[in-house]
Amino acid sequence: MTAKLAKNIGICAPSRAITHDLAEQVRAFAAQNFADVTLHFHEQCFAAHGHFAGSDAERTAAFVAMANDPALDAVWFARGGYGAARMTDAVIQGLGPVASAKSYMGYSDGGNLLGALYAAGIGQVCHGPMVSDISRSGGEAAIARALGWLSRADTSLLEPDLSTATPQVALNLMTLGMMSGWEHCPDLTGHIVLIEEVGEHLYAIDRMMFHMMNNFAGVKAGDQHIAGVRLGRVSAVPPNDIDFAMTAEEIVSFWCARHNIPYLGRADIGHDVDNKIVPFGQLSLA
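Source: prediction; values computed, not measured.

Participant: Tell me about the nonpolar core, residues and numbers included.
Facilitator: Counting residues in hydrophobic clusters, the biggest one holds 52 residues, and the most contacted among them are F63, I195 and M212. Take this core: its biggest share by element is eight residues, from helix 7 (residues 202–216). Not counting chain neighbours up to four residues away, the residues in contact with I195 comprise L171, L173, L176, M209, M212, V229, R230, L231, G232, V252 and I269. By size, the runner-up hydrophobic cluster in this structure holds 40 residues, among which are F34, A170, L194 and A267.

Right under this line is the structure:
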């Protein structure tokens, strides 16, 4: 189902928390630049339970409440980190029909929920900026991009080389690899897969590509056959005491060639303020 333009946007934190000050920054920016949009921050965004923005039960309840609220048009993720996978089973079980009329946007660890929603055919799922991106240098551009897509469906904000002929998804490489074999992992047969990564050694990128291709490139009978791979930005790569001697792009190209999967070049996504919007599935610009 195609979601309607979002004028009332619910914000919850499936992973880590944000501060009230950060929320007020985003609320003020939206009021000045998107006067027709109202942001609704769930109090759970500011909760603390160790690493997480509240317990698994609290994070689940917040997400389900917003997804099932007919007064809200979209659910926007506050921040990544880690935690979304721990609540996904309960979230999918708790969603009702209203949830299918909404847009959902996030990236990074939130890809666990985005992938599960896409697998279940719930709503319009998008890889795109999160509320916490306001804290990055130049972060207002990322917030404007997210709100511009959710509230206006401005196609100029999309990743510029998306296919209109082939469905696609965009996910963090680590998140995608961990999802493989999970009951909520979407069927990526025939999809172009856009990947990005942050804070991982190059040998870890190589290991994750090995894992991804073994699960999504038709290595064994019955495996999913993806249509191609595009590489977003791989940032904040830690130094290694022995040079891996391959760039991230060379690693991805290597594994694509090894499994006869087209490597389709770079993608304008990543853990940064330039992260462009990628709606999951078949793109229609009508």
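Participant: Describe in detail the side chain of N172, supporting the description with residues and values.
Facilitator: With respect to the element layout, N172 can be found in strand 6 (residues 168–172). You can call N172 buried: its relative accessible area is 5%. Within the structure, N172 has its side chain in polar contact with the side chain of E197 (distance 3.0 Å). If near-sequence neighbours (up to four positions away) are discounted, N172 is found in contact with S108, E196, E197, V198 and H271.

Participant: Residue-level account of the state of the cysteines, with values.
Facilitator: Per the stated rule, a full pass over the model turns up zero disulfides. Of all cysteine sulfurs in the structure, the one in C12 sits closest to C45, which takes part in no disulfide; the separation is 6.3 Å. For C45, a relative accessible area of 0% gives the class buried. The thiol of C126 is not disulfide-bonded; the next cysteine sulfur, from C12, is found 15 Å away.

Participant: Tell me about unusual backbone geometry, residues and numbers included.
Facilitator: Of note, A245 is a non-glycine position whose phi angle comes to about 70°, a positive value. For A245, a relative accessible area of 61% corresponds to the exposed category. Its identity as a non-glycine residue notwithstanding, N260 has a phi of 55°, on the positive side. Tracing the backbone through its elements, the reader meets N260 in the loop between helix 8 (248–258) and strand 9 (263–266). On the accessibility criterion, N260 (70% relative accessible area) is exposed.

Participant: Report on the sheet that holds strand 10 (residues 278–279), specifying residues and quantitative values.
Facilitator: With mixed pairing, six strands are arranged side by side in an open sheet as 2-1-3-4-5-10. Only two strands of the sheet have a single neighbouring strand rather than two, namely strand 2 (38–41) and strand 10. Across three bridges, the pairing between strand 3 (residues 74–77) and strand 4 (residues 103–106) is parallel. Bridge pairing in strand 4 links W76 to M105. With respect to the sheet, helix 2 (residues 56–67) is in contact with strand 1 (8–12), strand 2, strand 3 and strand 4, its orientation differing from that of strand 1 by roughly 170°. Across the face of the sheet, helix 4 (residues 111–119) comes into contact with strand 3, strand 4 and strand 5 (124–127) while running at roughly 150° to strand 5.

Participant: Describe the pattern of salt bridges, and please don't skip the residues or the numbers.
Facilitator: Within the structure shown, the criterion is met by 12 salt bridges. The shortest N-O distance in the salt bridge between R233 and D272 comes to 2.5 Å. With R233 in strand 8 (residues 228–235) and D272 in the loop between strand 9 and strand 10, the pair connects residues that are 39 residues apart, well separated along the chain. The buried category is assigned to D272, whose relative accessible area is 17%.

Participant: So what's going on with the pairing of strand 5? Residues and values would help.
Facilitator: Both faces of the sheet carry side chains from a regular strand, because those side chains alternate between them. Both faces of strand 5 are covered, namely the face carrying Q124 and C126 and the face carrying V125 and H127. Bridge count between strand 4 and strand 5: four bridges; the pairing is parallel. In the sheet register, M105 faces strand 5, and the bridge partner there is C126. The handedness of the strand 4 to strand 5 crossover, carried by helix 4, is right-handed. Pairing geometry for strand 5 and strand 10, over two bridges, is antiparallel. Looking at the pairing, H127 lines up with V278 of strand 10.

Participant: Give me the lowdown on the environment of E24, citing residues and values where you can.
Facilitator: Position of E24 among the secondary structure elements: in helix 1 (residues 20–33). For E24, a relative accessible area of 43% gives the class partly exposed. In this structure the C-alpha to C-alpha distance between E24 and F41, which are 17 residues apart in sequence, comes to 9.8 Å. Among the polar contacts made by the side chain of E24, one reaches the side chain of R27 at a distance of 3.2 Å.

Participant: Pulling in residues and values, what's your account of helix 7?
Facilitator: The terminal C-alpha atoms of helix 7 lie 21 Å apart, and with 15 residues this matches the ideal 21 Å at 1.5 Å per residue to within 8%. For helix 7, every residue scored as buried is listed here: L202, A204, I205, D206, M208, M209, M212, M213 and F216. Its buried side turned inward, helix 7 meets helix 6 (173–179), strand 7 (192–198), strand 8 and helix 8.

Each value, and the rule that gives it
- Residues numbered from 1 in each chain as written.
- Predicted model: local features only at pLDDT ≥ 70, side-chain atom pairs only at ≥ 80, totals over all residues.
- Heavy atoms only, no water.
- Core = buried A, V, L, I, M, F, W, Y, C linked by side-chain atoms within 4.5 Å.
- Buried < 20%, exposed > 50% of the residue type's maximum accessible area, 1.4 Å probe, protein only.
- Helix = DSSP H or I, 4+ residues; strand = E, 2+ residues; numbered from the N terminus.
- Contact = heavy atoms within 4.5 Å.
- Polar contact = N/O pair within 3.5 Å; in protein donor to acceptor, adjacent residues only side chain to side chain.
- Disulfide = S-S within 2.5 Å.
- Pairing = 2+ DSSP bridges.
- Axes fitted to C-alpha atoms, helices over the stretch in contact; angles between N-to-C directions.
- Salt bridge = Lys/Arg side-chain N within 4 Å of Asp/Glu carboxyl O.
- Right-handed = clockwise from strand over helix to strand, strands pointing away.
- Expected span 1.5 Å × (residues − 1).

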